[in-house]
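# Descriptive analysis of the structure
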Amino acid sequence: MLTTSYEMIQKAYKEGYAVPAINTQGGTYDIIRAICIAAEELQSPVILAHYVNTGSYSGNKWFYETAKWMAEQVSVPVAIHLDHGESFERCMEMLQIGFTSIMYDGSAFSMEENAAKTEEVAKVCRCFDVPLEAEIGELARLDDQGRQIGASNIADPEVVKKYLSLCNPDMLAIGIGNAHGFYKGPVDIRVEVLEECRKFTEVPFVLHGCTGMDDELVKRSIKSGVAKINFGTQVRCRYIDLVKEGLELGKDDGHAWKLSSYVEERLREDIKDIIRLAGSDGKAKV
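Residues numbered from 1 in each chain as written. Predicted model: local features only at pLDDT ≥ 70, side-chain atom pairs only at ≥ 80, totals over all residues. Heavy atoms only, no water.

Another point: the pattern of salt bridges. When charged atoms on two side chains of opposite charge get close, those side chains can pair. Scanning the entire structure with this criterion turns up 19 salt bridges. The partner of E15 in a salt bridge is K11, with the nearest N and O atoms 3.3 Å apart. Remark: K11 and E15 occur in helix α1 (residues 6–15); sequence separation between them is four residues, near one turn of the helix. Classification of K11 as buried rests on a relative accessible area of 18%. Among the ionic pairs, K272 bridges to E269, the shortest N-O distance being 3.4 Å. Pair noted here: K272 and E269 are both in helix α10 (residues 256–278), with a separation of three residues, about one helical turn. Using a relative accessible area of 11% as the deciding quantity, one classes K272 as buried. When salt bridges with common partners are traced through the structure, they connect R33, E41, E264, R268, E269 and K272 into a single cluster. (Salt bridge = Lys/Arg side-chain N within 4 Å of Asp/Glu carboxyl O. Helix = DSSP H or I, 4+ residues; strand = E, 2+ residues; numbered from the N terminus. Buried < 20%, exposed > 50% of the residue type's maximum accessible area, 1.4 Å probe, protein only.)

In this section: the UniProt feature "binding site: Zn(2+) 1" (unreviewed entry) in the protein chain. The feature "binding site: Zn(2+) 1" (unreviewed entry), as given by UniProt, occupies H84, H180 and H208 in the numbering adopted here. Its place among the elements puts H84 in strand β3 (residues 78–85). Side chain to side chain, H84 and D105 meet in a polar contact 2.8 Å long. By secondary structure assignment, the location of H208 is in the loop between β9 (205–207) and α8 (215–223). Polar contacts involving the side chain of H208 include one to the side chain of H84, which spans 3.1 Å. (UniProt positions renumbered as here; feature names shortened; annotations may be inferred. Polar contact = N/O pair within 3.5 Å; in protein donor to acceptor, adjacent residues only side chain to side chain.)

Attention shifts here to the packing of aromatic side chains. Under the criterion given, the structure shown has three aromatic pairs. A ring pair is formed by Y64 and F99, whose centres lie 6.1 Å apart and whose planes are at 20°; its orientation type is stacked. Note that Y64 is positioned in helix α3 (residues 60–71) and F99 in the loop between α4 (88–97) and β4 (101–104), a separation of 35 residues in sequence. Exposure class is identical for Y64 and F99. Each is buried. One aromatic cluster is present, formed by F63, Y64 and F99 through successive ring pairs. (Phe/Tyr/Trp six-rings, centres within 6.5 Å; stacked < 30°, edge-to-face > 60°.)

A few words on α3. What sets the pattern is the α-helix's 3.6 residues per turn: residues three or four places apart point alike. With 12 residues, α3 should cover 16 Å at 1.5 Å per step; its first-to-last C-alpha distance of 16 Å lies within 8% of that length. Restricting attention to buried positions, one finds in α3 the residues N60, F63, Y64, T66, A67, M70 and A71. For α3, the elements touching its buried residues are α2 (29–42), β2 (46–51), β3 and α4. (Expected span 1.5 Å × (residues − 1). Contact = heavy atoms within 4.5 Å.)

We note that Q25 has phi near 60°; this positive angle belongs to a residue other than glycine. With respect to the helices and strands, the residue Q25 is situated in the loop between β1 (19–23) and α2. Q25 gets classed as partly exposed once you look at its relative accessible area, which sits at 24%. At H84, a position not held by glycine, the phi torsion is positive, near 55°.

An order of β1-β2-β3-β4-β5-β7-β9-β10 is seen for the eight strands of this closed barrel, with the pairing classed as parallel. Geometrically, the sheet is characterised by an average inter-axis angle of 25° between neighbouring strands, direction not taken into account. Strand direction decides the pairing type here: β2 and β3, joined by six bridges, are parallel. Paired with Y51 across the two strands is D83, which belongs to β3. (Pairing = 2+ DSSP bridges. Axes fitted to C-alpha atoms, helices over the stretch in contact; angles between N-to-C directions.)

Its 17 residues place the ends of helix α5 (residues 111–127) 25 Å apart at the C-alpha level, agreeing with the 24 Å of an ideal helix rising 1.5 Å per residue. Burial in α5 covers these residues: M111, N114, A115, T118, E119, V121, A122 and C125. Those residues of α5 that are buried are in contact with α4, β4, β5 (132–136) and α6 (157–166). Positive phi shows up at D129, right after α5, with a value of about 55°.

With that settled, the discussion passes to the pairing of β5. Taking burial as the measure, the five residues of β5 include five buried ones, the bulk of the element. Neither face of β5 is exposed, since L132, A134 and I136 on one face and E133 and E135 on the opposite face are all buried. Relative to β5, β4 is paired through two bridges, and the arrangement is parallel. Residue pairing in the sheet places M103 in a bridge with E133 of β5. Note on the crossover from β4 through α5 to β5: the handedness is right-handed. Pairing between β5 and strand β7 (residues 171–174): four bridges, direction parallel. Across the sheet, residue E135 finds its bridge partner in β7, namely A173. (Right-handed = clockwise from strand over helix to strand, strands pointing away.)

Written out as structure tokens, the structure reads:
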């Protein structure tokens, strides 16, 4: 069932688990279906995430309509989320389309400007009863070999405290050395930043860049108040690998839908692993 992310995140924060938010590659039906069916089978809330660049082929409305239709086929709470909305205008576009969860990412700006822009978006989101996720501490990006291609900004808890005195998001992603993409070698994740920030705020945290992160780090982050964990690269790459595997094994039998069915059923098991890591299995009731 289609819901906002607000109640599912609040419940997760209070009960000490996280809700998986999974990038769907711009509305790829096989991925959306695998996420929703896995969530239904494990009775977990789930968030279907949309990063605009990955939707350049299918379009934002395609993603929303496909996600909405699939959400209505299951009984568990499903939110439709804009990931890393880069501007006020982009966030407003997604609100008008019908998204039930919005992220505004102003982390590239100064703390003061980020807070001002975040609150500008938050005011409108409140009018729609849609929760807003914000970010402080710009995340790095990694290429396919795990090389850093962007600056990693580990947030200063005192700066986070000041930021939260200037704006009021419903969820907050804090840079702790995490990155988008596959990690290569040891990962310097500063969970202690989250632990320090938890001393002065009850805002649920969000952990981005979970692909390839050690499970124990993810679990420790959840204990520090992370109530939403994001996966994108892992699911995207697994999907492509399963398509190749299905073709090599002749699972298509000359039909695209047979290949899709094989990929979706296999991918579903990977999604279940993410749900179990989040600890959200059996937590579907809001």
